[in-house]
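Here are the chains, one letter per residue:
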Amino acid sequence: MPNKDVAVVILAAGKGTRLKSALAKVLHPAGGRPLVEHVVRSCVPLKTKKIIAIVGHQAEQVSAVVEPLDVEAVAQQPQNGTGHAMQVAKRALGNAKIAIVLPGDAPLIRPETLKALLATHRGGNAAATILTAVLADPSGYGRVVRKSENLVGAIVEDSQLSAEQRELNEINSSIYCFTLAKLWPALAKVKPNNKHREIYLTDAIAVLASGGETVLAQIAADSREVLGCNTRADLAEVDRIFRERKREELMAAGVTIQLPETVLIDPEVTAGEDCTIEPGVQLLGKTKLGARCTVGTGSVLLDVIVGDRAVVKAHCVIEDSRLDAETIVGPFARLRPGTHLKAGARVGNFVEMKKAVIGEGTKVPHLSYIGDAKLGTKSNIGAGTITCNYDGVNKYQTTIGNRVFIGSDAVLVAPVRIGDGAYVAAGSAITENVPADALAIGRGRQLNKKGWAAKRRRELMGVESGKSSHKKVPKRSKRGR
Ligand code: UD1
Ligand code: MG
């Protein structure tokens, strides 16, 4: 159901001093995305009138992340606190009646939780409704002070707690619904009464409550959803939870994941039924696995499209590539951007590829570099084959036809073409095109010198015995001591 009387405000202008980072807090990644992007994506399903992000610290970079998601960025300069950030949003809020406010640093929030919060707010006809959580360790968070079982009296920031209030374990998530007609006058009364001289949005709660307005609190069913990221340790914990959610999603869809806690999967990755992901794998970016694929231990795939029944063996690193159905890669292969293995192709150990199209059923089994190359079908590339694609200035293309046999340790100096059905002798340096069905040999002819080695050995022994006759070598007793 659309919520056209509602606008979202995401507070994302702060620096994040506690992270000790040159990067603004909301740009730090967790679960494969910047924190603020997760927050935006959780708000989109509410179909509100608009989503506003308050930006300040590294405003340009933060805007660049949120604007493509149809978010209006509003600058807060300087950043005088969360209450000030709301005042800055006022004009952009236009005629919205309710604002859902979220911090940019609490990325685990789910759309269902926001929908429930809004329903409570509307149902209770409240001036403000706070999403809270009960935590075993509430330190660092603002605490919720209730004035009755159902009504909130105030939020007290961690730094301003009395000894008694320090015992409270219901925390403010910084996620709220506000009825804007009630918020603005309350916020106008808030003074910067804290050591940072900031206007705290949390202080508007006490103003509303003491003015007799209804302030409700809704306890989050899963307290992990409201985790804020103020430190690197918080970031690691949030990342861990995102990764766990993603693995559970894929397992529920029929993917086997061995030692799941060791496997890292980005949010947009998909995998078909009966895929097997071995321990220590990373599936990143827009990687998509077909059905019944296996990804071997230690492999890292970034933006890779994999067809059905393909096998990536252990310890491969593959980026921006396509592996069609029933291809086999690795172990220890490195496929750089622009590699396309067609159905049934095989790439073995210690092979590097870049911008290479490998035809159906073609094999590159060992120790090769194939770059800027197009290989036909059912060809075999011997161990140690190198395409020399670079002259220090430009890159050149190597083209290999169908059913070609390249002997081991061949060097193919591009630009060069090897015709269909041709053979290249092992150890050749190929600098000219090879016609179809020809044999190319590009190496010095072998010469065997009969008896040369034996003669050499005799000469060496003569020198050795000549030397030793002049030396006094102490004799060892033949009997044991
Ligand atoms: C805030 C709440 C605290 C709550 C906690 C939950 C206040 C005063 N305190 O504390 O009660 O328990 O969140 O995580 O609100 N921001 C701006 N402009 C500013 C200042 C901050 O946009 O001028 C943004 C920050 O970028 C951040 C969010 O507001 O995304 C919250 O600020 P932060 O400094 O993280 O507040 P906390 O100390 O975590
Ligand atoms: Mg915070």
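Everything that follows concerns the structure shown earlier in this document.
The model shown is predicted, which means the values in this text are computed figures rather than measured ones.

Enquirer: Can you help me understand the packing of aromatic side chains in this one?
Expert: Aromatic rings in a pair are described by how distant their centres are and how their planes are angled relative to each other. In total, this model carries three aromatic pairs according to the counting rule given. For K395, the ring lying beneath its charged end belongs to Y390, and the centroid distance is 5.0 Å.

Enquirer: Sorry, what's going on with the coordination of the magnesium ion (ligand 2) here?
Expert: In ideal tetrahedral geometry, four donors around a metal make angles of 109.5 degrees, whereas ideal octahedral geometry with six donors gives angles of 90 or 180 degrees. For the magnesium ion (ligand 2), the full set of protein donor atoms is D105 (OD) and N230 (OD1), and the range of their distances to it is 2.3 to 2.5 Å. Within this pair, whereas D105 is found in the loop between β6 (98-103) and α4 (111-123), its partner N230 is found in the loop between β11 (215-219) and α7 (232-252), the two being separated by 125 residues in sequence.

Enquirer: Explain the nonpolar core to me, please; I cannot follow it from the model alone.
Expert: Most often, soluble globular proteins keep nonpolar side chains buried together rather than apart. Core analysis: the biggest nonpolar cluster contains 49 residues, and L289, M353 and I418 have the highest contact counts within it. For this core, the secondary-structure elements that each account for two or more residues are β19 (300-306), β21 (317-323), β26 (352-358), β28 (369-375) and β34 (416-418). Those residues within four positions of I418 in sequence are excluded, and the remaining contacts are T399, I400, G401, V404, I406, L412, V424, I430 and V434. Among the nonpolar cores identified, the runner-up in size contains 45 residues, and A12, V55, L108 and F242 belong to it.

Enquirer: Is there a simple way to think about the pattern of salt bridges in this case?
Expert: Here the idea is simple: oppositely charged side chains can pair when their charged atoms come close. In total, this model carries 24 salt bridges according to the counting rule given. The partner of E37 in a salt bridge is R33, with the nearest N and O atoms 3.5 Å apart. In this structure, K286 and E268 form a salt bridge, with 2.9 Å as the shortest nitrogen-oxygen distance. In this pair, K286 is assigned in the loop between β16 (282-284) and β17 (288-289) and E268 in the loop between β13 (264-265) and β14 (270-271), connecting sequence segments 18 residues apart. For E268, a relative accessible area of 35% corresponds to the partly exposed category. Ionic contacts of the salt-bridge type, sharing partners, join the residues R33, E37, R41, E268 and K286 into one network.

Enquirer: What's the story with the pairing of strand β1 (residues 3-12) in this structure? I'm lost.
Expert: Looking down a regular strand, the side chains alternate between one sheet face and the other. In terms of residue burial, β1 counts as a mostly covered element, since eight of its 10 residues are buried. Where β1 meets strand β4 (residues 48-55), seven bridges bridge the pair, whose relative direction is parallel. When the sheet's bridge partners are listed, V8 is paired in β4 with I51. Pairing analysis gives six bridges linking β1 to β6, with the strands arranged parallel. Its bridge partner being in β6, V9 is matched across the sheet by V101.

Enquirer: Help me understand helix α1 (residues 35-43) in this model?
Expert: The periodicity of an α-helix, 3.6 residues per turn, causes residues three or four places apart in sequence to face the same way. Among the nine residues of α1, eight are classified as buried, and the element is accordingly described as predominantly covered. Buried within α1 we find L35, V36, E37, H38, V39, V40, S42 and C43.

Enquirer: How should the site of ligand 1 be read in this particular structure?
Expert: Around ligand 1 there are 24 residues in total, and L11, Q76, G81, E157 and N172 lie nearest to it. One of the side-chain nitrogen or oxygen atoms of T82 is found 2.9 Å away from an oxygen atom of ligand 1. Starting from 750 Å² of accessible surface for ligand 1 in isolation, the protein chains cover 91%. Every element with two or more residues in the shell around ligand 1 is listed here: β1, α3 (82-93) and β10 (170-179).

Enquirer: Mind showing me how you'd approach the side chain of R143 here?
Expert: Tracing the backbone through its elements, the reader meets R143 in strand β8 (residues 143-146). Of the polar contacts made by the side chain of R143, one reaches the backbone oxygen of Y141; its length is 2.7 Å. At a separation of 3.0 Å, a polar atom in the side chain of R143 contacts the main-chain carbonyl oxygen of L168. Contacts of R143, omitting those with residues within four sequence positions, involve P138, A154, I155, V156, D158, L161, Q165, R166, L168, E170 and I171.

Enquirer: How should the packing of α3 against helix α5 (residues 180-188) be read in this particular structure?
Expert: Packed helices, taken two at a time, are described by the angle their axes make and the gap between the axes. Remark: α3 packs on α5, axes separated minimally by 11 Å, with the N-to-C direction vectors making an angle of 135°. It follows from the interaxial angle that α3 and α5 lie oblique. Here the hand of the crossing between α3 and α5 comes out left-handed. In contact with G83, M86, Q87, K90 and L93 of α3, α5 contributes L180, L183, W184, L187 and A188. Across the contact of α3 with α5, the residue classes tally to seven nonpolar, two polar and one charged.

Enquirer: Before we go on, may I ask you to explain α3 in this structure?
Expert: An ideal rise of 1.5 Å per residue puts 16 Å on 12 residues; α3 measures up with 16 Å between its terminal C-alpha atoms. Buried residues of α3: G83, H84, A85, M86, A89, A92 and L93, and no others. Those residues of α3 that are buried lie in contact with β1, β4, β5 (72-75), β6 and α5. Looking at the residues trailing α3, positive phi occurs at G94, about 55°.

What counts and what doesn't
- Residues numbered from 1 in each chain as written.
- Chains lettered and ligands numbered in written order.
- Predicted model: local features only at pLDDT ≥ 70, side-chain atom pairs only at ≥ 80, totals over all residues.
- Heavy atoms only, no water.
- Phe/Tyr/Trp six-rings, centres within 6.5 Å; stacked < 30°, edge-to-face > 60°.
- Lys NZ or Arg CZ within 6 Å of the ring centre and 35° of its normal.
- Donors = N, O, S within 2.8 Å, 3.2 Å for Na, K, Ca; no water.
- Helix = DSSP H or I, 4+ residues; strand = E, 2+ residues; numbered from the N terminus.
- Core = buried A, V, L, I, M, F, W, Y, C linked by side-chain atoms within 4.5 Å.
- Buried < 20%, exposed > 50% of the residue type's maximum accessible area, 1.4 Å probe, protein only.
- Contact = heavy atoms within 4.5 Å.
- Salt bridge = Lys/Arg side-chain N within 4 Å of Asp/Glu carboxyl O.
- Pairing = 2+ DSSP bridges.
- Near = heavy atom within 4 Å.
- Polar contact = N/O pair within 3.5 Å; in protein donor to acceptor, adjacent residues only side chain to side chain.
- Areas by Shrake-Rupley, 256 points an atom, 1.4 Å probe, with all protein chains shown as cover.
- Axes fitted to C-alpha atoms, helices over the stretch in contact; angles between N-to-C directions.
- Parallel < 35°, antiparallel > 145°, perpendicular 65-115°, else oblique.
- Left-handed = near helix turned anticlockwise from the far one by under 90°.
- Nonpolar A, V, L, I, M, F, W, Y, C, P; charged D, E, K, R; others polar.
- Expected span 1.5 Å × (residues − 1).

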